[in-house]
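Structural description and commentary
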Amino acid sequence: MEKIIILDFGSQTTQLIGRRLRELNEFCEILPYNKFPEQTKEDIKGIILSGSPFSVYDPKALQIDLNKIRGKFPILGICYGAQYIVHSAGGKVQPGNTREYGRASLTYVDSTDPLMSNIPVGSQIWMSHSDSITEVPHNFIQIGSTQDVQIAAFRIEGEKTWGVQFHPEVFHTTEGLLLLENFLNICDCRRNWTPASFIETTIQQLKEQLKDEKVVLGLSGGVDSSVTAVLLNRAIGKNLTCIFVDHGLLRKDEFREVLTNYEHLGLNVIGVDAKERFYAVLRGIADPEKKRKIIGAEFINVFNEEAKKIENVKWLAQGTIYPDVIESYSISGNTIKSHHNVGGLPEKMHLKLCEPLRLLFKDEVRSVGIELGMTPQLIKRHPFPGPGLAVRILGEVTPQKVAILQEADYIFIQELRKWDIYDKVWQAGCVLLPIQAVGVMGDERTYENVVALRAVTSTDAMTADWAKLPYDFLAKVSNEIINKVKGINRVVYDISSKPPATIEWE
């Protein structure tokens with residue numbers, strides 16, 4: 001399969017580059033800057049070098065040998081990527097008097113250059129850098145400028161190498177998608193990456209990979225594992241067994257409802273009630289990463305016990321998607337968070353791992369599900385963390401806290417549906433805070449729990465903005481929760497975006 005390789009030098013917007021290319025129906029892979037795939041060069045149509053938090057002169061600057069790729073593939077350097085191309089060729093990159101961050105406009109565009117084709121003078125771009133290219137080698141040609149940045153874009157004469165000192169991937173660069181489309185045209189990309197083509201290719205690959213061997217899959221009730229199950233069912237049918245573990249941290253009535261939904265899909269599903277086991281191992285644990293790891297470890301134990309009851313299983317399937325993979329590696333060495341899907345099970349169970357969705361973003365998974373004919377109820381379901389309500393109960397998890405949060409969350413989600421807001425929101429849920437607040441109910445003073453409502457809008461969960469829910473709606477939800485959920489006397493609304501916050505509180 002043809003692809004664009006995006007080499008990640010640590011930029012916060014690297015994932016957005018990938019998203020934009022997928023929007024243009026071109027398959028791409030995001031890889032750490034030093035992990036260029038030597039063995040699959042025949043599939044690579046072009047390479048993009050991402051931005052970076054480093055300066056090219058920083059002692060910790062991330063560096064690669066560009067001679068291995070320059071002249072062999074079309075290349076587009078973005079921000080740090082562009083500066084690194086210039087620096088490694090003997091040009092000059094120098095600190096600016098001020099950090100250039102925010103909107104700017106192109107005052108000069110070489111419209112004859114294929115990268116800048118149809119991009120008008122005056123087009124808005126987005127800058128985010130403290131260094132600037134001040135001098136380029138003789139064979140570098142300026143193709144774009146702003147009022148403050150003379151070499152905002154360049155190409156190298158005699159080879160298909162370009163660089164831009166702005167970010168075409170962000171929304172604020174108005175012609176950014178066009179610039180990336182121009183680069184795909186330079187790379188002679190066919191742009192045939194669609195949900196239908198993914199399904200056809202993946203089912204065939206699964207048949208070849210799995211042959212007549214048996215597979216177990218851990219279902220969560222969410223979109224990712226459900227789409228994984230349907231794809232595998234199409235490929236191997238009866239050789240797939242799904243296991244749905246109730247760890248006691250699901251939403252209200254979710255275990256029963258999800259099993260019913262899976263029956264309608266014709267899947268072979270084993271339901272396991274393991275609530276008490278999880279409550280026992282979580283007793284006294286407040287640290288969020290410890291909670292995630294304990295839940296993951298106990299899930300492995302429960303899943304392993306059930307899987308051993310199935311004869312001759314060779315494969316473990318997981319609903320891992322691309323943000324899981326990206327957030328689980330780190331250029332700087334600081335992982336954002338550990339993921340429920342990634343790690344542990346294959347080694348303990350001595351099984352080979354099958355992750356058919358590992359290169360898809362969340363909205364692409366939904367598109368694949370729709371193409372597979374799955375019900376909107378499953379496809380449009382909001383994302384839900386693998387550790388469940390444990391990461392929405394700040395502090396120690398107890399059955400009592402779970403019950404309180406389930407009731408509050410149920411009211412919130414049901415009201416979102418009643419007000420026809422649910423499908424307009426990417427993800428919503430309640431968070432039980434580890435504090436108590438004074439309240440008055442009737443003539444009595446209360447000292448009870450505080451719950452935070454969280455609702456965000458997003459495309460792929462890599463970035464998110466808080467949802468601007470109507471005041472009347474928030475007033476209704478607050479009133480319903482306080483009146484109907486014993487133990488809560490105060491409701492607040494989280495208005496933090498990602499970044500700097502994350503969608504979940506833990």
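Look a little higher up for the structure.
To start, this report covers the structure provided alongside it. In this convention, every chain numbers its residues from 1, walking through the sequence in written order. Thresholds applied to this predicted model are a pLDDT of at least 70 for local features of residues and 80 or more for the giving and counting of side-chain atom pairs; totals over whole chains, interfaces and linings are not thresholded and use all residues. The side-chain figures draw on all heavy atoms in the structure; neither hydrogens nor water molecules are used.

Helix and strand definitions here come from DSSP, where helices need a minimum of 4 consecutive H or I residues and strands a minimum of 2 consecutive E residues; each element is numbered from the N-terminal end. Summing up its helical and strand segments, the protein chain has 14 helices and 18 strands in all. Its C-alpha radius of gyration of 25 Å places the protein chain within 12% of the 23 Å reference for a compact globule of 506 residues. Principal-axis analysis of the C-alpha atoms places the extent of the protein chain at approximately 75 × 65 × 40 Å. Buried means the residue's accessible area, taken with a 1.4 Å probe over protein chains only, is under 20% of the maximum for its type, while exposed means over 50%, and partly exposed covers the values in between. Taken over 506 residues, the protein chain has a buried fraction of 55%. Summarising the internal contacts of the protein chain: among those between residues at least 6 apart in sequence, 74% fall at separations of at least 24. In short, Shrake-Rupley with a 1.4 Å probe defines the accessible areas, and a residue's cover is counted only from the protein chains shown. A total of about 22,600 Å² of accessible surface is found on the protein chain, and carbon and sulfur atoms cover 49% of it. We score Asp and Glu as negative and Lys and Arg as positive, and we do not count His or the chain ends. In this description, the location of a charge corresponds to atom NZ of lysine, CZ of arginine, CG of aspartate or CD of glutamate. Each charge sign in the protein chain was given a centre, from 57 positive and 63 negative side chains, and these centres are 3 Å apart. Here the globule rule is a power law, 2.2 Å times the number of residues to the power 0.38, and the radius of gyration is based on C-alpha atoms. Any two residues whose heavy atoms approach within 4.5 Å are treated as being in contact.

Should DSSP find at least two bridges between two strands, the strands are taken to pair. One open sheet accounts for five strands, arranged E12-E11-E10-E13-E14; its pairing is parallel. Looking along the sheet, the strands with just one partner apiece sit at the ends: strand E12 (269-273) and strand E14 (352-354). Averaged over all pairs of adjacent strands, the angle between strand axes in this sheet comes to 30 degrees, irrespective of strand direction. In terms of strand pairing, strand E10 (residues 214-219) meets strand E13 (residues 313-317) through four bridges, oriented parallel. Bridging from a neighbouring strand, valine 215 pairs with tryptophan 315 of E13. Each axis is a line fitted through C-alpha atoms, and for a helix only the stretch in contact is used; angles between axes span 0 to 180 degrees, taken between their N-to-C directions. Taken strand by strand, helix H4 (residues 195-210) contacts E10, E13 and E14, and its axis lies near 170 degrees from that of E14. Sheet strands touched by helix H5 (residues 223-236): E10, strand E11 (240-246), E13 and E14. Its angle to E10, the strand with the most contacts, is close to 160 degrees.

A separate point is the packing of aromatic side chains. In summary, the pairing rule links any two rings of Phe, Tyr or Trp, Trp by its six-membered ring, whose centres are within 6.5 Å, and it sorts them by plane angle into stacked for under 30 degrees, edge-to-face for over 60 and tilted for everything else. Enumeration over the complete set of coordinates arrives at 15 aromatic pairs. When the ring of phenylalanine 244 is compared with that of phenylalanine 255, the centres are 5.2 Å apart and the planes differ by 35 degrees; the resulting orientation is tilted. Taken together, the residues phenylalanine 244 in strand E11 and phenylalanine 255 in helix H6 (residues 254-264) connect sequence positions eleven residues apart. Like phenylalanine 244, the residue phenylalanine 255 is buried in the burial classification. Summarising the aromatic geometry, the rings of phenylalanine 412 and phenylalanine 473 are spaced 6.3 Å apart at their centres and angled 40 degrees between planes, so their arrangement reads as tilted. Taken together, the residues span a long stretch of sequence, with phenylalanine 412 in helix H13 (residues 399-418) and phenylalanine 473 in helix H14 (residues 471-484) at a distance of 61 residues. A connected cluster of aromatic rings, assembled from ring pairs, spans Phe9, Tyr33, Tyr80 and Tyr84.

For the rest of this paragraph, the subject is unusual backbone geometry. With omega at -15 degrees, the peptide bond leading from lysine 498 into proline 499 counts as cis. Checked against the element boundaries, proline 499 lands in the segment after strand E18 (488-493). Proline 500 follows proline 499 through a cis peptide bond whose omega is 10 degrees. Considering the arrangement of structural elements, one finds proline 500 in the segment after E18.

This brings us to the side chain of serine 11. Its place among the elements puts serine 11 in the loop between strand E1 (3-8) and helix H1 (14-23). A residue is classified by how much of its surface remains accessible, and serine 11, at 12% relative accessible area, is buried. Those residues in contact with serine 11, other than ones at most four positions away along the chain, are Ser50, Gly51, Ser52, Pro53 and His167.

Looking now at empty space enclosed by the protein. Here a cavity denotes grid points, spaced 1 Å and computed from the protein atoms alone, that fit a 1.4 Å probe unable to get out, and a pocket denotes an open set having protein on both sides within 12 Å along at least 5 of 7 lines; residues with an atom within 4 Å of a point are the lining. Grid points are joined across faces, edges and corners, and a volume is the space filled by probe spheres set on the points. Counted by the stated rule, this structure contains three cavities of 30 Å³ or more. Volume-wise, the second largest cavity comes out at about 50 Å³. Along its surface, the second largest cavity is lined by Arg392, Gln427, Ala428, Gly429, Cys430, Val431, Arg454, Ile503 and Glu504. When residues of the lining of the second largest cavity are assigned to their parent elements, the largest contribution, five residues, is made by strand E15 (residues 427-441).

The next thing to look at is the environment of lysine 468. Summarising the element assignment, lysine 468 is placed in the loop between strand E17 (465-466) and H14. Note: C-alpha distance between lysine 468 and glutamate 200 (268 residues apart in sequence) is 39 Å. Polar contacts, as used here, are pairs of N or O atoms within 3.5 Å; protein pairs need one atom able to donate a hydrogen and one able to accept it. Residues neighboring in sequence count only if both atoms are side-chain atoms. Separated by 2.8 Å, the side chains of lysine 468 and aspartate 465 make a polar contact. Among the polar contacts made by the side chain of lysine 468, one reaches the main-chain carbonyl oxygen of tryptophan 466 at a distance of 3.2 Å.

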